[in-house]
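# Geometric and topological summary
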Amino acid sequence: MPKQKVGISICNASLQYQDSNQAIIEHFNLRMPLGKWTAILGKSGCGKTSLLRYLAGLLNENVLWSGDITLHGIETLQDNIAYMAQQDLLMPWLNVIDNVCFAFKFSDRRLSDTDNKRAFQLIDLVGLGGQALTMPAQLSGGMRQRVALARTLMQDKPVVLMDEPFSALDAVTRHRLQGLAAQVLADKTVLLITHDPQEALRLSDALYIMQGSPAGAISLTLPNTAIPRVFDAQLAKLQQQIIDSLEVDYV
Ligand SMILES: Nc1ncnc2c1ncn2[C@@H]1O[C@H](COP(=O)(O)OP(=O)(O)OP(=O)(O)O)[C@@H](O)[C@H]1O
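Quick notes on the rules
- Residues numbered from 1 in each chain as written.
- Predicted model: local features only at pLDDT ≥ 70, side-chain atom pairs only at ≥ 80, totals over all residues.
- Heavy atoms only, no water.
- Pairing = 2+ DSSP bridges.
- Helix = DSSP H or I, 4+ residues; strand = E, 2+ residues; numbered from the N terminus.
- Axes fitted to C-alpha atoms, helices over the stretch in contact; angles between N-to-C directions.
- Contact = heavy atoms within 4.5 Å.
- Polar contact = N/O pair within 3.5 Å; in protein donor to acceptor, adjacent residues only side chain to side chain.
- Near = heavy atom within 4 Å.
- Areas by Shrake-Rupley, 256 points an atom, 1.4 Å probe, with all protein chains shown as cover.
- Nonpolar A, V, L, I, M, F, W, Y, C, P; charged D, E, K, R; others polar.
- Core = buried A, V, L, I, M, F, W, Y, C linked by side-chain atoms within 4.5 Å.
- Buried < 20%, exposed > 50% of the residue type's maximum accessible area, 1.4 Å probe, protein only.

### Things to note about the sheet that holds strand S4 (residues 63-71)
With respect to topology, three strands assemble into an open sheet ordered S2-S1-S4, the strand pairing being antiparallel. Two strands lie at the open edges of the sheet, namely strand S2 (25-33) and S4, each paired on one side alone. Averaged over all pairs of adjacent strands, the angle between strand axes in this sheet comes to 15°, irrespective of strand direction. Where strand S1 (residues 6-17) lies against S2, six bridges are found, and the strand directions are antiparallel. Its bridge partner being in S2, Ala13 is matched across the sheet by Phe28. Sheet strands in contact with helix H1 (residues 48-55) are S1, S2 and S4, and its direction is about 115° off that of S1.

Pasting the structure below:
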């Protein structure tokens, strides 16, 4: 990886659920470049979501954590993170615009005219102009994930955690939404969990494979080319390298 400013670094981390007698992550090191995408791949159950949820502050009392998290450009992770999950988590009783503005409902800040205007602009940006008053049940899976993306953008946080956000979509919709996300989340520090090596290679500036039990992370060197990358012979080779690394945990 070319020299890049680090946004978040995790050093020698260990994570264990309180009700378990074994850590799921140990000697875990990861450096997320500032304002870039970092992807994590790993066998199902190796601890990817747990790590993300810990970083999002959703696991505090349920886990034992050790290790250092160093932040650059932000004071705390709390208040600076937006989380986009695999399921869109849209509120079925709220229309598109109210879902996009959902985070405001739980904050002290009232929605200003400027915020409202921005919400409409984001809905346009994700290709859903004219659908602001539509209910989630009337939208396709891809459209719902677009609303979730607009909601993530509305929060306007410098760090975005994404847990398999495109995995439930068909290949073309996924490809389009990946491109859109790369465009609209440019300059954010993004941590993306995915099971799809191609997605990781297309979108990320740094790529880690979680391996072992408890899991550590190994990094893969990526070409210094523009994101989203076009899938070429070099990426195909890297894809094979990723699969070989992942296979170690399946023997
Ligand atoms: N609340 C919990 N309490 C105890 N153990 C848990 C809890 N949540 C998850 N685990 C365990 O932690 C391990 C890691 O789970 P996690 O969901 O983080 O894996 P993952 O890599 O994200 O998996 P997948 O790719 O299938 O989503 C699993 O063995 C799981 O059973």
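### What about the side chain of Gln16?
Within the secondary structure, Gln16 sits in strand S1. In terms of polar contacts, Gln16 uses its side chain to reach the backbone carbonyl oxygen of Ser20, at 2.9 Å. The contacts of Gln16, once residues within four sequence positions are left out, are Asn21, Gln22, Ala23, Ile24, Asn62, Val63 and Leu64.

### Observations regarding the sheet that holds strand S5 (residues 81-84)
Taken together, the six strands give an open sheet; going across it, the order is S5-S6-S7-S3-S8-S9, and neighbouring strands pair in mixed fashion. Where the open sheet ends on each side, the last strands, each with one partner, are S5 and strand S9 (216-220). Adjacent strand axes in the sheet meet at a mean angle of 20°, parallel and antiparallel pairs treated alike. Relative to strand S7 (residues 189-193), strand S6 (residues 159-163) is paired through five bridges, and the arrangement is parallel. Across the sheet, the residue bridging to Asp163 is Ile193, located in S7. Here helix H5 (residues 141-155) sits on the sheet in contact with S5 and S6, set at roughly 175° to S5. Against the sheet, helix H8 (residues 233-247) touches strand S3 (37-42), strand S8 (206-211) and S9, its axis set at about 25° to S8.

### Details of the site of the ligand
Taken together, 13 residues surround the ligand, and among them Ser44, Gly45, Lys48, Ser50 and His195 come closest. In this structure, an oxygen atom belonging to the ligand sits 2.8 Å away from a side-chain N or O atom of His195. In isolation the ligand offers 640 Å² of accessible surface; the protein chains occlude 60% of this area. Looking at side-chain class alone, the shell around the ligand contains three nonpolar, six polar and four charged residues.

### Some remarks on the nonpolar core
Trp37, Val100, Leu149, Met162, Leu185, Leu207 and Ile242 are the most contacted members of the largest nonpolar core, which totals 47 residues. The element best represented in this core is H5, accounting for six residues. For Leu207, the contacting residues outside a window of four places in its chain are Ala39, Leu41, Ala200, Leu201, Ile218, Ser219, Leu220, Leu222 and Ile242. Of all hydrophobic cores here, the second largest spans 28 residues; its members include Ile40, Tyr54, Leu59 and Tyr208.

Structural measurements only, silent on function.
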